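# Structural characterization, general
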Amino acid sequence: MSEFNRSTASSSDLRYDAEIGLLAEFWSRLRIEDELGATTWGVLEPLEREVTEALRSDPPDIRRADDATAKAMFLISGIEF
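Everything in this summary refers to the structure shown in the same document. Chains are numbered independently. Their residues run from 1 in the order of the written sequence. Only residues with pLDDT of at least 70 get local features here, since the model is predicted, and only at 80 or more are side-chain atom pairs given and counted; chain-wide, interface and lining totals rely on the full set of residues. As a rule here, side-chain values come from all non-hydrogen atoms in the structure, and water together with hydrogens is ignored.

## Overview of helix α3 (residues 62–77)
Compared with the 22 Å implied by 1.5 Å per residue over 16 residues, the 22 Å span of α3 between its first and last C-alpha is a close match. Burial classes: relative accessible area under 20% of the type maximum marks a residue as buried, over 50% as exposed, and values in between as partly exposed (1.4 Å probe, protein chains only). Counting from the N terminus, the helices are DSSP H or I runs at least four residues long and the strands are E runs at least two residues long. For α3, the complete set of buried residues consists of Ile62, Ala65, Ala68, Thr69 and Ala72. On an axial view of α3, the arc spanned by its buried residues comes to 135°, and they lie on one face. Contacts are assigned to residue pairs with any non-hydrogen atoms lying within 4.5 Å of each other. Buried residues in α3 make contact with α1 (11–31) and α2 (41–56). Gly78 lies just past α3 and shows a positive phi near 85°. Expected span of a helix, by definition, is 1.5 Å for each gap between consecutive residues, and there is one gap fewer than residues. Our arc is simply the arc of the directions from the helix axis toward the C-beta atoms.

## Description of the environment of Val51
Note on placement: Val51 falls in helix α2. As a C-alpha pair, Val51 and Asp66 span 15 residues in sequence and 7.6 Å in three-dimensional space. Apart from the residues lying within four places of it in its own chain, the contact partners of Val51 are Trp27, Ala65, Ala68 and Thr69.

If you want it as C-alpha cells, here you go:
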C-alpha cells in the first residue's frame, strides 16, 4: 500500500484504506490457519484471487472484494449460498 499524508487524504481515501486493510488481514490470517472449517484451499483460492484482483483495480473494487470474502466466510462456516 502506498504511503500518503493523512492530513491531505480525504475521508473516503482513509475509509478505503481501512477496508482494504481489514480484507488483507483476513486473508493473511486465513493463510496461516491449519483448520479451514467446512472447506479447503482448493475452494478458497479462486475467491482469494478475486479479492486480490478487485483490490488491485484502479480504483479498488471494495464491494467485489467484500462479496468474495463473505462467500469465503460462508464456505468456511459450512453455510450454503
